Amino acid sequence: MAAFPRGGNGESLVSEMKKRISDYVKQGIPADLVQAAKLQETTAAEFSKNSISGLASEWSEALAQKGLDSPDVGLKRLKAVTVEQVNRVAKNYLVNDTAIIGILTPEASGKPTTLNRPRGKESFAPKRVEEVSLPDWAKKATELPPKPHSSINPADMKLSNGLRLIVQRETVSPTVALYGEVKNEPDLEAPKGQEGVSDILEDLFPYGTASMDPPGLPKGPR
């Protein structure tokens, strides 16, 4: 998938994509790209374990779609994939002559359409409302649940640069999550003519840049 701006040439973009795919098939996919893809998939799977919905999704996909005993089996197979295997699959499936191509050409959006027909009123309320007593089994639903007991014991410290650091260790997955917050108001603080720069900065935060890393860290996206 690739994107081009309004007024761009979609056909030339398709030709460029086909050329690159053909080069990969002929010359082979670089080992560092294969390793990066495996790392990305492994990281995504490990981070999915940190949420109930993510963990449920991983198990559903492993059991129902892939026929595996657990998500860990899939991760083990993924880590064992070799560059030679990837190149063999690429030659079998990345065939430009049989590729199905779709080009979505950007166009200016039309004006909103106003619905002039009268709309009927909807109501889900019953016609006759009477006071009734809840059965015994349903009375608990109206009671406040007991206050849960907190089992976390975070380390709370203030760094020399003034930042407050809170660390909470979990053992769900072998991952490290770093969350930060900068109190600001982009609508009031963005320079004139640079409105929207905060959106670009927000996209850069998870990855870094190739030339503006903090001192002491390796160069390149992370």
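Conventions and cut-offs
- Residues numbered from 1 in each chain as written.
- Predicted model: local features only at pLDDT ≥ 70, side-chain atom pairs only at ≥ 80, totals over all residues.
- Heavy atoms only, no water.
- Helix = DSSP H or I, 4+ residues; strand = E, 2+ residues; numbered from the N terminus.
- Expected span 1.5 Å × (residues − 1).
- Buried < 20%, exposed > 50% of the residue type's maximum accessible area, 1.4 Å probe, protein only.
- Arc of directions from axis to C-beta.
- Contact = heavy atoms within 4.5 Å.
- Polar contact = N/O pair within 3.5 Å; in protein donor to acceptor, adjacent residues only side chain to side chain.
- Pairing = 2+ DSSP bridges.
- Lys, Arg positive; Asp, Glu negative; His and termini not counted.
- Salt bridge = Lys/Arg side-chain N within 4 Å of Asp/Glu carboxyl O.

All right, on to helix α3 (residues 52-65) then. Between the first and last C-alpha of α3 there are 19 Å, a value that for 14 residues agrees with the 20 Å anticipated at 1.5 Å per step. Every buried residue belonging to α3 is among Gly 54, Glu 58 and Ala 62, and all of these are buried. Taken end-on, α3 shows its buried residues confined to a sector of 65°, consistent with a single buried face. Along α3, the residues that are exposed and aim more than 90 degrees away from the buried face are Ile 52, Ser 53 and Ala 64.

Okay, helix α1 (residues 10-27) next. With 18 residues, α1 should reach 26 Å at 1.5 Å per residue; the first-to-last C-alpha distance of 26 Å fits that figure. Of all the residues in α1, the buried ones are Gly 10, Val 14 and Val 25. Along α1, the residues classed as buried sweep out an arc of 50° about the axis, all on the same side. Exposed residues pointing more than 90 degrees away from the buried face of α1 are listed as Arg 20, Lys 26 and Gln 27. On its buried side, α1 packs onto α5 (83-93). Measuring from the side-chain oxygen of the N-cap residue of α1 to the backbone nitrogen of Glu 11 gives 3.0 Å; that N-cap residue is Asn 9. Directly after α1, the chain includes Gly 28, whose backbone phi takes a positive value near 95°.

Attention shifts here to the pairing of strand β1 (residues 155-158). Where β1 and strand β2 (residues 164-167) come together, four bridges link them in antiparallel fashion. Following the sheet pairing, Ala 155 is matched in β2 by Val 167. In sequence, β1 turns back onto β2 through a hairpin of five residues, with Gly 162 there showing a positive phi of about 95°.

With respect to the helices and strands, Ser 48 occurs in helix α2 (residues 31-48). Leaving out residues up to four positions away in the same chain, Ser 48 has contacts with Gly 54, Leu 55 and Glu 58.

Looking at the element boundaries, Lys 38 is found in helix α2. There is no salt bridge for the buried Lys 38, and the closest opposite charge comes from Glu 84, which lies 9.3 Å off by N-O distance. Sequence-distant contacts of Lys 38, defined by excluding residues within four places in its chain, comprise Leu 78, Lys 79 and Val 81.

The full count for this structure, using the stated rule, is eight salt bridges. Among the salt bridges present, the one from Glu 16 reaches Arg 20, with a minimum N-O distance of 2.9 Å. Of this pair, Glu 16 and Arg 20 both sit in helix α1, four residues apart, which is roughly one turn of the helix. You can call Glu 16 partly exposed: its relative accessible area is 33%. Between Lys 19 and Asp 23 there is a salt bridge, and its shortest N-O distance comes to 3.1 Å. With a gap of four residues between them, Lys 19 and Asp 23 both fall in helix α1, about one helical turn apart. With a relative accessible area of 27%, Asp 23 lands in the partly exposed category. One network of salt bridges, in which partners are shared, links Glu 46, Lys 49 and Asp 72.

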